[in-house]
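# A structural walkthrough
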Amino acid sequence: MDPAPAEPTPTAPSSAPVRFFATAAKGTEPALRDELRELRFSGVRADRGGVHFEGTLREGYRACLWSRIAMRVLMPLATFDAANERFLYDGVRAVDLEPFLTPRHTLVVGASCRSSRLTHTEYLSQLTKDAVVDRLRDRFGSRPNVDKKDPDVRLFLHLVNDVATLYLDLAGEPLNRRGFRPGGAEAPLKETLAAAVLRYSGWDRKSAIVDPFCGSATLLVEAGLWAQNRAPGLSRARFGFERWARFDRTEKDVFEAQRAEARAALVRDLPPLIGRDTSEQALTLARSAASRAALPLVLELGPARDALVAGAGAVVANPPYGKRLARPAELARDLAYLVDRHPNAHVAFLLAETQPMGRTRRRPEPPRHVFNGDLPCVVRCWLPRRRRGDG
Ligand SMILES: C[S@@+](CC[C@H](N)C(=O)[O-])C[C@H]1O[C@@H](n2cnc3c(N)ncnc32)[C@H](O)[C@@H]1O
């Protein structure tokens, strides 16, 4: 991520423009860029690790409420030279954080760095935290405490080429936490990555969608939310920005109006959302996720290979990863079989990079490289035959 230019944001009224940075899993930036454009944000530009966009602070609230792919929404508070400890400390200490943070609040500071003289991220976050609390102690006579688990305010210091940018996080808990996931799922997919895979698939959100390796049904739940035009943030109890000092009655009303607008935009009709898995335990988790999300998933016990849904508009899957899989060659053959069995469907498979793929009668789209956590993966897509013919 390149540091955004410093913006006069902290004390500005809610209508002042901000250049936000929405973070995303590596490789999903183009999907997030397209999503933010579709959501009518302006100044949208993909970058390494996320997407820049512009708008008022309230547009930042709206991004948290609506983005399916962003992990966090960050607001730059200041950019300054930080070639040494003194510069860093003074730069942070000069930032007016009082609109967000008082001694009554708790905070946490994260840090990252690249190509800079200061290299220890833990030390960077410590120094940043010291500068923040020293400033507030001077101002108020007492200091805010650190809470690593559930802080009111999250700050990130990003250092590149000795230039630091201090960011304030709007999201709080990462945005992938929708609140539907039951505990205990094995190798669950992050909701935000699932949403990116769905977007890459080209699915029309109206036709039946099948996940033959559904596990706890993350892809199908995301598909259901998207088909319903349901803002993923509607199910969240609270976002980070709702805990800021400046989030007063007026801001509450503004955000409540955004939530009401999102509820009014809900589409009730749903296409069939069909999942299969060979594990009864996985299907129990899928049923629980479906019920929490109030989505009518059709779930079947059985091998992926036997999945055949006439008229399916999309087949999406995150099959087991090579690391744990005894027979990747067999999986390669099954995946190719599924592609050929659904010639008129959009197909998208999220695979470990090492997973081979069998030969298909259809030509795949160029692979998209993404990261699932630390695991290098690839999204392989096929367009429907009919659509190729049309084009
Ligand atoms: C990586 S997990 C899928 C995770 C899922 N996307 C989620 O978010 O929970 C792969 C799933 O494939 C299932 N599986 C393995 N072999 C299968 C097969 N031949 N047919 C159907 N499901 C299979 C496993 O039981 C597991 O639930």
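Nothing here was measured: the structure is a model prediction, and the numbers come from that model.

### Thoughts on the overall build of the protein
Helix and strand content of the protein: ten helices and 15 strands. Taken over the C-alpha atoms alone, the protein extends approximately 70 × 45 × 40 Å along its principal axes. Within the span of the protein, comprising 391 residues, buried residues form 57% of the whole. For the protein, restricting intrachain contacts to residue pairs at least 6 apart in sequence, the fraction spanning at least 24 positions comes to 76%.

### Considerations on the environment of Val379
Following the sequence through the fold, Val379 ends up in strand β15 (residues 375-382). Judged by relative accessible area, which is 1%, Val379 ranks as buried. Not counting the four nearest positions on each side in its chain, Val379 is found in contact with Val197, Tyr200, Ala348, Phe349, Leu350, Pro367, Arg368 and Val370.

### A closer look at the site of the ligand
Inspection of the region around the ligand gives 19 residues, with Ser216, Thr218, Asp277, Ala304 and Asn318 positioned closest. Contacts to the ligand include Leu189, whose backbone N or O atom sits 3.1 Å from an oxygen atom. Within the side chain of Asp277, one N or O atom sits 2.6 Å away from an oxygen atom of the ligand. Taken together, the residues of the shell around the ligand sort by class into eleven nonpolar, seven polar and one charged.

### A few points about helix α4 (residues 121-140)
With 20 residues, α4 extends 28 Å from end C-alpha to end C-alpha; this agrees with the ideal 28 Å at 1.5 Å per step. Gly141 sits one or two positions beyond α4 and adopts a positive phi of about 85°.

### Quick look at the pairing of strand β10 (residues 273-277)
Counted residue by residue, β10 has five buried out of five residues, so it is predominantly covered. Of the two faces of β10, the one lined by Leu273, Gly275 and Asp277 and the one lined by Ile274 and Arg276 are each fully buried. Sheet topology note: the strand β9 (residues 209-211)/β10 ladder contains three bridges and is parallel. Counted as the bridge partner of Asp211 is Gly275 from β10. Two elements, β10 and strand β11 (residues 298-301), share four bridges in a ladder whose sense is parallel. In the strand pairing of β11, Gly275 is matched with Leu299. In this view, the connection linking β10 to its parallel neighbour β11 by way of helix α8 (residues 280-292) has right-handed handedness.

### Observations concerning the packing of aromatic side chains
Inspection of the entire model under this criterion finds 13 aromatic pairs. Both rings, one in Tyr61 and one in Phe241, keep their centres 4.2 Å apart while their planes meet at 15°; by these two values the pair is stacked. Here the residue Tyr61 occupies a position in helix α2 (residues 57-66), and Phe241 occupies one in the loop between α6 (218-227) and α7 (249-264), the gap between them amounting to 180 residues. A residue is classified by how much of its surface remains accessible, and Phe241, at 0% relative accessible area, is buried. Counting every residue linked through ring pairs, the aromatic cluster contains Tyr61, Phe100, Phe239, Phe241, Trp244, Phe247 and Phe255. When the ring centre of Phe41 is taken as reference, the NZ or CZ atom of Arg62 above it lies at 4.1 Å.

Criteria and cut-off values
- Residues numbered from 1 in each chain as written.
- Predicted model: local features only at pLDDT ≥ 70, side-chain atom pairs only at ≥ 80, totals over all residues.
- Heavy atoms only, no water.
- Helix = DSSP H or I, 4+ residues; strand = E, 2+ residues; numbered from the N terminus.
- Buried < 20%, exposed > 50% of the residue type's maximum accessible area, 1.4 Å probe, protein only.
- Contact = heavy atoms within 4.5 Å.
- Near = heavy atom within 4 Å.
- Polar contact = N/O pair within 3.5 Å; in protein donor to acceptor, adjacent residues only side chain to side chain.
- Nonpolar A, V, L, I, M, F, W, Y, C, P; charged D, E, K, R; others polar.
- Expected span 1.5 Å × (residues − 1).
- Pairing = 2+ DSSP bridges.
- Right-handed = clockwise from strand over helix to strand, strands pointing away.
- Phe/Tyr/Trp six-rings, centres within 6.5 Å; stacked < 30°, edge-to-face > 60°.
- Lys NZ or Arg CZ within 6 Å of the ring centre and 35° of its normal.

From the geometry alone we can't say anything about function, so treat these as descriptive.
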